[in-house]
Amino acid sequence: MRISVFGIGYVGAVSAACLARDGHTVLAVDTSQQKVETINAGRSPIVEAGLGPLIEQAVAGGRLRATTDGVQALRDSQLSFVCVGTPSLANGNLDLTQVVRVCEVIGRGLAGKPDFHAVVVRSTMLPGSLAGVVAPVLEGCSGKKAGRDFGTALYPEFLREGSAIRDYDQAGTVILGVDDERTLALVREAIAKAPGREIVVGTATAEMIKYANNAWHATKIVFANEIGALCKALGLDGHRVMDALCADTRLNVSAAYLRPGFAFGGSCLPKDLRALLHRARSLDVRCPMIASLLPSNEEQVRRAFEMVQAAGNRRVGLIGLAFKSGTDDLRESPAVELAERLFGKGYDIRIFDRDVNLARLTGANLAFIQARIPHLARLLSDDLHAVAAHGDTLVLVHGQFGEGLALPALRADQILIDLARLADVQRPAGGRYEGICW
């Protein structure tokens, strides 16, 4: 293909060199004459392992050259990558000035080009930026319509400085935010040799995936450092602890627990977090991230309560009371906390939990109900259909279905608030549906 790459920084230089290596003819575009001359001399404009030889070979083979003429580069190519910077403003927001300027140039090029062209953004932008900023600028400067006369897409980069070429060649996933099939076909042709599992989503979702990735990386680093600081204060080797943690790929380093939904609870996580933080405070070790976990967890209960409030109904059917499905353990259950808030605010609630049966409860669970929530115990029912019929608002705390148990169809005036992410085939017909994180 003939590809133009706008912006010869880390992402642009690596992308241009790798695309040229893979057999495409690439025009690298930048406003810096020095960068253009450096590329055309067969040298890398940045320090990055392995990039110099790639650029040298691509230039020598006639597959890569650089220019300051963005309009002509656009017209001489089938697809354009936008790889300019999106730095922070003083208030923390993104500065999209460079993206807008490049899109103005691309738009002018599109105005005089009869063929369909794809504009693929690799720059990191907040969700909604491609639809709300990029596409309008392109349309305004070209007089053409996105999705009809030209395509837009987001292809977020996950390149680390110092290992960018290896990351390009060994990508775990390839995220493509595309809204039309012609653009998707062009992008796939351009990156046909890129490895990794392809995930095609909407453009705003692709923009958010990039931020979720970076927030997760930052979370892991801070968590490891806080555990390491506490380990050192205890005379322990933080690396030994984290090596053992990472060895568990079933629960620790896996998709386990990384499903948006309701708050955590139970007899272990809240108790152990409090104990760990108490020990850290006794050693004068500050762990602000770990200390934020319980307050953040409480925010999820608040969100669920506010969703019930926003529904505007006083009769509520609560499905699930234990801290998770498949157990009768009520200790520190976020469902109990939600029920307490609803009851305290005067909501007329009924509760169903297939695993919480007063007649069968013994030991700690029975003592908990008798001592802490006897008023809620009176609201428990073993009839799912009766609870579902009672609530103008139904709140599904956790999925308890299968084995002949299913939610009945909803009345037109009912709303189901899902905190557990029911599978599509389990969602009842009728009524309204709303998820806590989707």
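Scroll up to find the structure this text is about.
A brief look at the structure comes next. Going along each chain's sequence as written, the residues are numbered from 1 onward. Predicted model: local features are reported for residues with pLDDT of at least 70 only, side-chain atom pairs are reported and counted for 80 or more only, and whole-chain, interface and lining totals are derived from all residues. Think of the side-chain values as coming from all heavy atoms in the structure, minus any hydrogens and water.

1. Thoughts on the pairing of strand E12 (residues 393–396)
Of the two faces of E12, the one carrying Thr 393 and Val 395 and the one carrying Leu 394 and Leu 396 are both buried. The criterion for strand pairing is that DSSP finds at least two bridges linking the strands in question. A run of DSSP states H or I qualifies as a helix once it reaches four residues; a run of E qualifies as a strand once it reaches two. Both are numbered from the N-terminal end. The sheet contact formed by strand E9 (residues 315–319) and E12 spans four bridges and is parallel. By the bridge assignment for E12, Ile 319 is matched with Leu 396. Relative to strand E13 (residues 415–418), E12 is paired through four bridges, and the arrangement is parallel. Residue pairing in the sheet places Leu 394 in a bridge with Leu 416 of E13. Remark: exposure states derive from per-residue accessible area (1.4 Å probe, protein chains only) relative to the maximum for the residue type, with buried under 20%, exposed over 50%, and partly exposed in between.

2. Points about the sheet that holds E12
As summarised here, the arrangement of the six strands in space is E11-E10-E9-E12-E13-E14, forming an open sheet in which the pairing is parallel. Only two strands of the sheet have a single partner each, and these edge strands are strand E11 (380–381) and strand E14 (432–435).

3. Topic: the pairing of E13
The two faces of the sheet receive side chains in turn, since in a regular strand these alternate between them. Residues Ile 415 and Ile 417 of E13 are buried on one face, and the alternating residues Leu 416 and Asp 418, pointing to the opposite face, are buried as well. The sheet contact formed by E13 and E14 spans four bridges and is parallel. Residue pairing across strands places Ile 415 opposite Arg 432, the latter belonging to E14.

4. Comments concerning the pattern of salt bridges
Salt-bridge detection follows one rule: a side-chain nitrogen of Lys or Arg within 4 Å of a carboxyl oxygen of Asp or Glu. With the rule as written, the count across this model stands at 17 salt bridges. The partner of Asp 169 in a salt bridge is Arg 21, and the shortest N-O contact between them spans 2.7 Å. One end of the pair, Asp 169, is in helix H7 (residues 164–169); the other, Arg 21, is in helix H1 (residues 10–21), with 148 residues separating them in the sequence. You can call Asp 169 partly exposed: its relative accessible area is 31%. Two residues, Asp 424 and Arg 427, come together in a salt bridge whose shortest N-O distance is 3.7 Å. Salt bridges here are not isolated pairs; linked through shared partners, they connect Arg 21, Asp 22 and Asp 169.

5. Considering the packing of H1 against helix H3 (residues 51–60)
For every element, the axis is a line fit to its C-alpha atoms; helices are fit only across the contacting stretch, and the angle between N-to-C directions ranges from 0 to 180 degrees. Between H1 and H3, the least distance of the axes is 9 Å, while the angle of their chain directions is 50°. When the interaxial angle is binned, H1 and H3 end up oblique. Our pair here, H1 against H3, has a crossing hand that is left-handed. Residues Ala 13, Val 14, Ala 17, Cys 18, Ala 20 and Arg 21 of H1 lie in contact with H3, whose contacting residues are Leu 51, Leu 54, Ile 55 and Ala 58. Classifying every residue of the contact of H1 with H3 gives nine nonpolar, no polar and one charged. Here roughly perpendicular refers to angles of 65 to 115 degrees, roughly parallel to angles under 35, roughly antiparallel to angles over 145, and oblique to all remaining angles. By definition, any crossing whose near helix is turned counterclockwise from its far helix by less than a right angle is left-handed, and any crossing with a clockwise turn is right-handed. We call two residues in contact whenever any of their non-hydrogen atoms come within 4.5 Å of each other. Three residue categories are used. Nonpolar comprises Ala, Val, Leu, Ile, Met, Phe, Trp, Tyr, Cys and Pro, charged comprises Asp, Glu, Lys and Arg, and polar comprises the others, including Gly.

6. Notes on the nonpolar core
Core analysis: the biggest nonpolar cluster contains 44 residues, and Leu 64, Leu 79, Phe 81 and Ile 191 have the highest contact counts within it. Listed in part, the 35 residues of the second largest apolar core include Met 307, Leu 330, Val 336 and Ala 377. Here, nonpolar core refers to any group of buried Ala, Val, Leu, Ile, Met, Phe, Trp, Tyr and Cys residues whose side-chain atoms link them within 4.5 Å.

7. Some thoughts on helix H13 (residues 293–311)
A helix's residues, less one, multiplied by 1.5 Å, set its expected span. In this model H13 runs 28 Å from its N-terminal to its C-terminal C-alpha over 19 residues, within 8% of the 27 Å that 1.5 Å per residue would give. Looking only at H13, the buried set comprises Leu 294, Asn 297, Gln 300, Val 301, Ala 304, Phe 305, Met 307, Val 308 and Ala 311. The arc enclosing the buried residues of H13, seen along the axis, measures out at 150°, which places them on a common side. This arc is taken over the directions from the axis of the helix to the C-beta atoms.

8. Overview of the environment of Asp 284
Position of Asp 284 relative to the elements: it lies in the loop between helix H11 (269–282) and helix H12 (288–291). With a relative accessible area of 72%, Asp 284 lands in the exposed category. Put simply, Asp 284 and Lys 345 are 61 residues apart on the chain and 40 Å apart in space, counted from C-alpha to C-alpha.

9. Brief notes about the side chain of Ser 4
Its place among the elements puts Ser 4 in strand E1 (residues 2–6). Identification of polar contacts relies on pairs of N or O atoms within 3.5 Å, with a donor-acceptor requirement for protein atoms, meaning one able to donate a hydrogen and the other able to accept it, and with residues adjacent in sequence counted only if both atoms are side-chain atoms. For Ser 4, the side chain forms a polar contact with the side chain of Ser 80, separated by 2.6 Å. With residues up to four places along the chain from it excluded, the contact list for Ser 4 reads Leu 27, Ala 73, Leu 74, Ser 77, Leu 79, Ser 80 and Phe 81.

10. Description of the packing of aromatic side chains
Two aromatic rings, drawn from Phe, Tyr or Trp (for Trp, its six-membered ring), form a pair once their centres lie within 6.5 Å of each other, and the interplanar angle then sorts them: stacked below 30 degrees, edge-to-face above 60, tilted otherwise. Counted by the stated rule, this structure contains two aromatic pairs. Summarising the aromatic geometry, the rings of Phe 81 and Tyr 155 are spaced 6.1 Å apart at their centres and angled 45° between planes, so their arrangement reads as tilted. Here Tyr 155 lies in the loop between strand E6 (150–154) and H7 and Phe 81 lies in strand E4 (residues 79–82), a separation of 74 residues in the sequence. The exposure classification of Phe 81 matches that of Tyr 155, with both residues buried. When the centroid spacing of 6.5 Å and the interplanar angle of 80° are considered together, the rings of Phe 305 and Tyr 347 count as edge-to-face. Taken together, the residues Phe 305 in helix H13 and Tyr 347 in the loop between helix H14 (334–344) and strand E10 (348–352) connect sequence positions 42 residues apart. Residue class for Phe 305 comes out buried when judged on its relative accessible area of 8%.

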